[in-house]
Amino acid sequence: MNTKSKLTTLLSFLLVLGLLAACAPAPAPTQAPAEKPAATQPPAEKPAATQPPTEAPAEVKDVVTWFQYDAENMDEKANEAVGNAYLRATMPLFNKAFAGKLNWVNQPKAFDKMEAELINLAQGGGDVPDIYELFNSVNNFERNGTLQDLSEWAKAQPWYKDLDSSALQACTGTDGKLYCIPLAQRPQVVFVWTGRFPNGYPTTIDDFLAQAEALKKEGHYAITFFGSTDKGGSGAYRGLNTMITSFGGRYDDGKGNMLLNTPENLAAIRFIREIVAKGYAPDTVFAGGFEEEASYMDSSAGSFPTGLHSWKFQNNMTAPDGKKYDTGTFEDPLNAFKDGELVLAHFPAAPGKTPGCGTLPEALAIPVGAKNTQGAYDFINWIMSPEQYPAFVTNVGGGLPTLKTALTDPTFADDVIIQQAAKVVSESACRPWFGSLARPSEAQPLIMNALYKAIKEVGDDQIEGVLTQAQEEYNAGN
Amino acid sequence: MALKLARLGKQKKIPDSLPFWLLLPTVLILFIVQIYPTVYTAWLSLQERKPTGWIYVGTKNFERLFRSSLFNESVGHTIVFLVSFIALTMLLGFLTALLLNQKIRFVGFYLSLIFIPWVISTIISGQAFRLLVTPDYGVFAGILQDPALFPPNGISVLTDARPSPWFGSFPFPPSKGMILLVIASTWRSLPFTALLILASLQMIPTEIIESSRIDGANGWQIIRFILVPIILPTLVVTIFNLILTGMNGVAIIISLTGGGPGTSTQIISYLLYSLGWGQIQFSQAAALGLIIAVVNWILILATLRLTKVEEAR
């Protein structure tokens, strides 16, 4: 190879490299180094190079949010239609209120992936949003150092003192720091078709079993619930948790250890086994993929313990009297409630126990590394304002307001679902399902797999062994 | 600069072959997209995340993984799934290819038809199979759940409890959910497998087959001693493809069974997905990812070795 050939080769190589470099994505003009978490930290400035010389002095900054909703999804029959429509209507209002200062940019995310995605991005120093919609435990985020501590900032805000203390607790990490601002509570309640329970929903276990037997003779199920191990074991905090806690059961010992093998949990599991064995619940309960909802929608099952916010995802329903609610939108359950076909109830409690109720927050958090922390503060304050708060709680939260004075707001005072839910919660003992467990995402599938085995797969004499094995496996990681 | 380069070339400090320079960009890209992620995964598998950052924990993630009951169970499910899936797909693929290799009319049409499962997305395939067997509401629910047809209580593929294992805790016989998973996975992989084998069969000169017939070989002997040895390299490539599809595929499990009933279809790749995306244990997921990579290599090397032995015979 002579010198000329080598030069040609080198030039060709450089050309290829140049082409590759040209194909690489250019750095985002707004990209800035990740910030350290600090409540009082000023927002990161955009690189000067990105500012055109003619730009007005007041720079409009983006407030990037991650919601499970998509403003651009116009499908009225989409599962998330309520939240989608809310964003569509509200984003222009925000942009108008902060004209020339802030611009709301939403990045829709899959509800079951966004937590892992945020933690992964935050660890890798990637582009995190300024606002993150949080609807589960803060413990995973705390363990991974993903969210900013909002304690000091929140205490200085006018709405702080009006926040419900249990809601604040749900946003508080094991280190005592406040990692999110709770806007709504999503309690687990029981949706009941009144036509299946004409004498009212049972308040005792014995009454429930008696009414379930009567319904079975009529060819109906008394209950349907999410009993599958699907969806990452989320069944552990849905209807099963409602039943278990109504027997006084729980998943932890209050000191960070998992504790499943307790007399209360055993009693609850034996009760659920009886429901299943006697055919009081449909087979779809264990099929996963939310198949269990179908028998509630067509009212072949008389009751459905699940999250209050699930009304937003219910549609195409048939009441026991044959009346159709089939607009295919969230108006269906609303109309069924208005007609008295549907009511909310608490689950019947075991003798001497209070009805159980799991609860999770619908909250806003600011990730570590957010580029516009000040914008995020402004965003939260705007959402917490009396003009915006009710709409957010209803359409995004789908739950109860966390501001104590808000229940008297006409939006909530006239809302039949909210009023019924408030009554159910007041009559129940509601708490987050994970209690003192510091690794809820790890605990969730372990608990659900054990519950499934205990309910469906093993003999009565093996239930305790299954529960003990699961708790020991979790506690080994403490 | 040019002179310096030329001098370096003469001193053999940089290779002076054109192929080297042409291949270099590809090698660099491969390094970026393959070597770096592998090294990062190995690093991650030795770390644990704390609020303050990553800390080195040695082999703790591997130890926790091996102690986990679900890991051991998943290994059993993976073996059952992989063996059934590969055996069934290869058998049906070979038979389909043999059929399509006959001189029949409309072969092109049949080929187009048979290719449909391959072009349908995995998630949709899983959902379609799920819709067939969903209890109470599925297309075949009325038949499957009829106690008269399937005494005593009918069949509920997605919810029936798994049978008692025959060999200790090894998950055999499989649950009905696992059988459905194998069928759905086979259905999806069959077209590509059949097509690979068919292409290979069509390369065989017909004279060989005809002369073997004249020599008195029957159908089975032609397949065993003529066709299979000739197309063995293709069969090996097909098995590689199926091993990787079976070991690493998770989408069809998510959409078809969600890992259930219970944990009976949670194969090792589903556990990896669950650890990473569900439980947010990236370090343990990295440890499992490395284990899966090693197992993939072992399976592929074992297949190569077996086929070399077969070729030698």
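Cut-offs applied
Per-chain numbering applies: the sequence of each chain, read as written, is numbered from 1 onward. Whichever chain is written first is A, and whichever ligand is written first is 1; the rest continue in order. Confidence filtering applies because this is a predicted model: local features only for residues at pLDDT of at least 70, side-chain atom pairs given and counted only at 80 or more, and all residues used for totals across whole chains, interfaces and linings. Side-chain figures throughout are based on the complete set of non-hydrogen atoms in the structure, without hydrogens or water. Per the convention used, a helix needs a DSSP run of H or I reaching at least four residues, while a strand needs a run of E reaching at least two, with both numbered from the N terminus. Only protein chains enter the area calculation, which uses a 1.4 Å probe; residues under 20% of their type maximum are buried, those over 50% are exposed, and those in between are partly exposed. Contacts are assigned to residue pairs with any non-hydrogen atoms lying within 4.5 Å of each other. Here the open area of atoms and residues is found with the Shrake-Rupley method and a 1.4 Å probe, where only the protein chains shown may cover a residue. When we talk radius of gyration, it's over C-alpha atoms, and the globule rule is simply 2.2 Å times the number of residues to the 0.38. Positive charges are assigned to Lys and Arg, negative charges to Asp and Glu, while His and the chain termini are left out of the count. Where a charge lies is defined by one atom per residue type, namely NZ (Lys), CZ (Arg), CG (Asp) and CD (Glu). Only protein atoms enter the 1 Å grid used here, on which a cavity is any set of points holding a 1.4 Å probe that cannot leave and a pocket is any open set flanked by protein within 12 Å on both sides along at least five of seven lines; residues with an atom within 4 Å of a point are listed as lining. Grid points are joined across faces, edges and corners, and a volume is the space filled by probe spheres set on the points. Cysteine sulfur pairs qualify as disulfides if the two atoms are within 2.5 Å. For two strands to be treated as a pair, DSSP must find no fewer than two bridges joining them. Here the bounds of each domain stem from an automatic or database domain assignment. Salt bridges are counted wherever a side-chain nitrogen of Lys or Arg sits within 4 Å of a carboxyl oxygen of Asp or Glu. Polar contact is defined as a pair of N or O atoms within 3.5 Å, subject to the rule that within protein one atom must be able to donate a hydrogen and the other to accept it, and that residues adjacent in sequence are counted only when both atoms are side-chain atoms. Put simply, buried area is how much 1.4 Å-probe accessible surface two parts lose in total, over both of them, once they are put together. Three categories are distinguished: nonpolar for Ala, Val, Leu, Ile, Met, Phe, Trp, Tyr, Cys and Pro, charged for Asp, Glu, Lys and Arg, and polar for the others, with Gly belonging to the last. One confidence number per residue, pLDDT, is output by the predictor and ranges from 0 to 100. Here a Phe, Tyr or Trp ring, Trp counted by its six-membered ring, pairs with any other such ring whose centre lies within 6.5 Å, and the pair is stacked when the planes are under 30 degrees apart, edge-to-face when over 60, and tilted otherwise. Charge over a ring is defined by NZ of Lys or CZ of Arg lying within 6 Å of the ring centre and within 35 degrees of the ring normal.

Novice: Account for the overall build of chain A, naming residues and giving values.
Specialist: Counting its secondary structure elements, chain A contains 18 helices and 11 strands. Burial analysis of chain A (478 residues in total) assigns 56% to the buried set. Partitioning the contacts of chain A with sequence separation of at least 6, the portion at a separation of at least 24 is 72%. Summed over all atoms, the accessible surface of chain A reaches about 18900 Å², with 54% contributed by carbon and sulfur.

Novice: I'd like a rundown of the overall build of chain B, residues and numbers included.
Specialist: For chain B, the helix and strand inventory stands at 14 helices and two strands. Computed over its C-alpha atoms, the radius of gyration of chain B comes to 25 Å, more than 25% above the 20 Å expected for a compact globule of 313 residues. By its C-alpha atoms, chain B is 85 × 70 × 35 Å across when sized along the principal axes. The 313 residues of chain B split such that 43% are buried. In chain B, 65% of the contacts between residues at least 6 apart in sequence involve partners at least 24 apart. Carbon and sulfur atoms make up 71% of the accessible area of chain B, which amounts to about 17000 Å² in all. Charge-centre separation for chain B: the mean point of 21 positive side chains lies 14 Å from the mean point of 12 negative side chains.

Novice: Quick rundown of the layout of surface pockets? Include the residues and the values.
Specialist: In this structure, the second largest pocket spans a volume of roughly 680 Å³. In terms of lining residues, the second largest pocket is bounded by 26 residues, among which Lys453(A), Glu73(B), Arg162(B), Pro165(B) and Ser169(B) are the most central. Elements with a minimum of two residues in the lining of the second largest pocket: helix H17 (440-457) and helix H18 (463-475) of chain A together with helix H4 (69-100) of chain B. Broken down by element, the lining of the second largest pocket gets its largest block of residues, six residues, from H4(B).

Novice: Could you give me a rundown of the state of the cysteines, with the residues and numbers involved?
Specialist: Residue and element names in this part refer to chain A. Enumeration over the complete set of coordinates arrives at two disulfides over all chains. For Cys171, the disulfide goes to Cys180, at an S-S distance of 2.0 Å. With the S-S dihedral at roughly -100°, the linkage between Cys171 and Cys180 falls on the left-handed side. An identical accessibility class is assigned to Cys171 and Cys180; each is buried. The residue that forms a disulfide with Cys357 is Cys430, at a sulfur-sulfur distance of 2.2 Å. Handedness here is read from the sign of the S-S torsion; for Cys357 and Cys430, about 95°, the answer is right-handed.

Novice: Please provide a residue-by-residue account of the pairing of strand S2 (residues 53-56) of chain B, values included.
Specialist: Residue and element names in this part refer to chain B. Here strand S1 (residues 47-50) runs beside S2; their pairing, made up of four bridges, is antiparallel. Across the sheet, Gln47 pairs through a bridge with Tyr56, a residue of S2. Turn length for the S1-S2 hairpin, with the two strands adjacent in sequence and antiparallel, is two residues.

Novice: Tell me about the domain arrangement of chain A, residues and numbers included.
Specialist: Residue and element names in this part refer to chain A. By domain assignment, chain A separates into domain 1 (55-185 + 360-429) and domain 2 (188-358 + 436-475). Each of domain 1 and domain 2 has a C-alpha centre, and these two points are 28 Å apart. Listed per partner, the contact involves 27 residues of domain 1 and 28 residues of domain 2. For the pair domain 1 and domain 2, the number of links is zero salt bridges. Inspection of the region where domain 1 meets domain 2 yields 10 residue pairs in polar contact (both at pLDDT 80 or more). Mapped onto the side of domain 1 that touches domain 2, the elements with two or more residues apiece are helix H4 (139-144), helix H14 (389-397) and helix H16 (416-426).

Novice: I'd love a proper account of the interface of chain A and chain B, names of residues and values included.
Specialist: In this assembly, 49 residues from chain A lie in contact with 46 residues from chain B. Here chain A packs against chain B, burying approximately 3900 Å² in sum over the two surfaces, 57% of which is carbon and sulfur. Seen at the junction of chain A and chain B, the total is four salt bridges. Our enumeration of links across chain A and chain B arrives at 16 residue pairs in polar contact (both at pLDDT 80 or more). For the side of chain A that touches chain B, the secondary-structure elements that each account for two or more residues are helix H1 (3-23), helix H3 (114-124), H4, helix H11 (293-297), H17 and H18 of chain A. Among the residues making up the side of chain A that touches chain B, the classes are represented as 15 nonpolar, 17 polar and 17 charged.

Novice: Give me empty space enclosed by the protein: which residues, what numbers.
Specialist: All names here are of chain A. Within the structure shown, the criterion is met by four cavities of 30 Å³ or more. There is about 40 Å³ of room inside the second largest cavity. What lines the second largest cavity is Glu76, Lys77, Ala78, Ala81, Val82, Lys312, Asn315, Gly328, Thr329 and Phe330. Class assignment of the residues belonging to the lining of the second largest cavity gives a composition of four nonpolar, three polar and three charged. Counting contributing residues, the lining of the second largest cavity receives three or more from each of domain 1 (55-185 + 360-429) and domain 2 (188-358 + 436-475).

Novice: Talk me through the pairing of strand S4 (residues 181-193) of chain A; I want residue IDs and the actual numbers.
Specialist: Residue and element names in this part refer to chain A. Burial within S4 is extensive, with 13 of its 13 residues counted as buried. Sheet topology note: the S4/strand S9 (residues 356-365) ladder contains six bridges and is antiparallel. Across the sheet, the residue bridging to Pro187 is Thr359, located in S9. Of the pairings in the sheet, the one linking S4 to strand S5 (residues 303-307) comprises five bridges and is antiparallel in character. Bridge pairing in S5 places Phe191 opposite Phe304.

Novice: A description of the confidence of the model for chain A should follow, citing residues and the corresponding values.
Specialist: Mean pLDDT over chain A works out to 88, with 88% of the residues at or above the 70 mark. In this model, residues 14-53 of chain A is a region of pLDDT below 50 whose contacts with residues beyond four sequence positions or in other chains number 44 contacts.

Novice: Explain the packing of aromatic side chains to me, and be specific about the residues and the numbers.
Specialist: Residue and element names in this part refer to chain A. Counted under the stated rule, the structure contains 42 aromatic pairs over all chains. Consider the rings of Trp153 and Trp159, whose centres lie 5.8 Å apart with planes at 65°: the pair is edge-to-face. Overall, the relative accessible area of 8% leaves Trp159 in the buried class. A cation over an aromatic ring shows up here: Lys109 above the ring of Trp66, its NZ or CZ 4.5 Å from the ring centre.

Novice: Which residues make up the environment of Leu215(A), and what values do they have?
Specialist: Residues and elements named next belong to chain A. Mapped onto the secondary structure, Leu215 falls in helix H7 (residues 205-217). Along the sequence, Leu215 and Arg196 sit 19 residues apart, while their C-alpha atoms lie 7.5 Å from each other. For Leu215, the residues in contact, after removing those within four places along its chain, are Arg196, Phe197, His220, Tyr221 and Ala222.

Novice: Before we move on, can you summarise the pattern of salt bridges with the specific residues and values?
Specialist: Pairs can form between side chains of opposite charge whenever their charged atoms are close. Applying the stated rule across the entire model yields 20 salt bridges over all chains. Notably, a salt bridge pairs Asp127(A) with Lys371(A), separated by 2.9 Å at the nearest N-O pair. Here Asp127(A), found in the loop between H3 and strand S3 (131-134), pairs with Lys371(A), found in the loop between S9 and helix H13 (373-383); they are 244 residues apart in sequence, far enough to count as distant. Between Arg130(B) and Glu291(A) there is a salt bridge whose closest N-O contact spans 2.8 Å. Of this pair, Arg130(B) sits in helix H7 (residues 122-133) while Glu291(A) sits in the loop between helix H10 (263-277) and H11, placing the two residues on different chains. The burial state of Arg130(B) is the same as that of Glu291(A); both residues are buried. Through salt bridges with shared partners, a single network forms among Lys453(A), Glu457(A), Glu73(B) and Arg162(B).

Novice: Run through unusual backbone geometry, naming residues and quoting values.
Specialist: Residue and element names in this part refer to chain B. That bond from Pro151 to Pro152 is cis: its omega, 0°, falls within 30 degrees of zero. Within the element layout of this structure, Pro152 appears in the loop between helix H8 (141-144) and helix H9 (176-201). Omega for the bond connecting Phe172 with Pro173 falls within 30 degrees of zero, at 5°, which places this linkage in the cis form. Looking at the element boundaries, Pro173 is found in the loop between H8 and H9. The phi dihedral of Phe106 is positive, around 60°, even though this residue is not glycine. Mapped onto the elements of the fold, Phe106 is located in the loop between H4 and helix H5 (107-114). Looking at Phe106, the relative accessible area reads 53%, which means it is exposed.

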